[in-house]
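# Summary of structural features
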Amino acid sequence: MHDIKYIRDNFDDSYHESSAIKRDLRVPIFGELPFIDRLEEFKSGKNYYENLNNLYKNRKFEKYKKALINIFNFINILEKDNNISSICFSSIERNSGSSTMLIFLGKLLSEIGKKVLIIDANFRKPTINIGLGLDNSLGLENVLKDNKLNWQNYIKESPDNKNLFVISSGQNQEDHIKIFSSKTFVGLLQDIKSSGEFDFIIIDSPNLKDSPETFSLATIADGIALLVPLDNVSRKNVTEFISKLVTKNIRVLGIVSSKINSRIKNEKFKNNNSIFS
């Protein structure tokens, strides 16, 4: 086990500590999410909505909530000091857990009295409506086809969280890049912001590696925040995509790091590294 740790720490091309990300990239760290036992089991189960609700209410979740409060504190400072109210959340690679984190963050913000709107712009894998027990027959795709942009007609309120609202993705989505680079989406976000109805507008976006439309989304929002799982994403990819964002004049507001089970990450390292094969 010690040999695995030594090789992993010295030869594995991934970040192991949040401080290393901050040092190398000079990007603020919003917070570090702790590992949650059985989270993947909860997410993959048939009762995803009920599972997440029960997990959120569990005493063992308190440590995760504290990390969410740290994220809120950073966002709150950004809103007060820089007038930032719309944030695009994404990840470098798929299956990083950013959508699940946003569901929990939305619940927490609503509990402390903030009025929050989550826009599910992850047309590739819509999750927000499932995690909050909401219908997805009408959503963002329909808003953008509505010439009058009556977005108020498509907003759904969380059945369990007062002050938490969602515009789900909707169905039959077309060209993702075309949709999110259109003047229609720009006008939609501006209209929602100018309404003053929400304290925070959070946009759930697909990962940067597979989804060029996320760059368009981040350009339209006030900035982007990234979820980076420690020990699971290469430094090269993190550096490369943050550089791309900066090159496109997209404001990288900060990074949320997350931990995975030490047993899982050691097994992953053994399976993927030729030294152990």
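Please refer to the structure placed before this passage.
For the structure given in this document, a descriptive report is provided here.

What counts, and where the lines are drawn
- Residues numbered from 1 in each chain as written.
- Predicted model: local features only at pLDDT ≥ 70, side-chain atom pairs only at ≥ 80, totals over all residues.
- Heavy atoms only, no water.
- Phe/Tyr/Trp six-rings, centres within 6.5 Å; stacked < 30°, edge-to-face > 60°.
- Helix = DSSP H or I, 4+ residues; strand = E, 2+ residues; numbered from the N terminus.
- Buried < 20%, exposed > 50% of the residue type's maximum accessible area, 1.4 Å probe, protein only.
- Lys NZ or Arg CZ within 6 Å of the ring centre and 35° of its normal.
- Contact = heavy atoms within 4.5 Å.
- Polar contact = N/O pair within 3.5 Å; in protein donor to acceptor, adjacent residues only side chain to side chain.

On to the packing of aromatic side chains. Counted by the stated rule, this structure contains nine aromatic pairs. On the basis of an interplanar angle of 15 degrees and a centroid distance of 6.1 Å, the ring pair of Tyr 56 and Phe 104 is categorised as stacked. Within this pair, whereas Tyr 56 is found in helix 4 (residues 48-57), its partner Phe 104 is found in helix 6 (residues 98-111), the two being separated by 48 residues in sequence. The class for Phe 104 is buried, based on a relative accessible area of 0%. Its end group placed over the ring of Tyr 56, Lys 107 keeps NZ or CZ at 5.8 Å from the ring centre. Over the ring of Phe 215 we find Lys 248; its NZ or CZ atom is 5.6 Å from the centre of that ring.

The next point concerns the environment of Lys 156. Examined against the element boundaries, Lys 156 turns out to sit in strand 4 (residues 156-157). Residue classification places Lys 156 among the buried positions, given a relative accessible area of 15%. Remark: the alpha-carbon pair of Lys 156 and Leu 138, spanning 18 residues in sequence, is separated by 9.9 Å. Here Lys 156 is in contact with Leu 134, Asp 135, Leu 138, Gly 139, Leu 164, Phe 165, Val 166 and Ser 168, once residues within four sequence places are set aside. Reaching out from Lys 156, the side chain makes a polar contact with the backbone oxygen of Leu 138 at a distance of 2.6 Å.

One non-glycine residue with positive phi stands out, namely Asn 95, at about 60 degrees. Inspection of the secondary structure assignment puts Asn 95 in the loop between strand 2 (86-91) and helix 6. The phi angle at Asp 231 is positive, at roughly 70 degrees, despite the residue not being glycine. One can find Asp 231 in the loop between strand 7 (224-229) and helix 12 (235-247).

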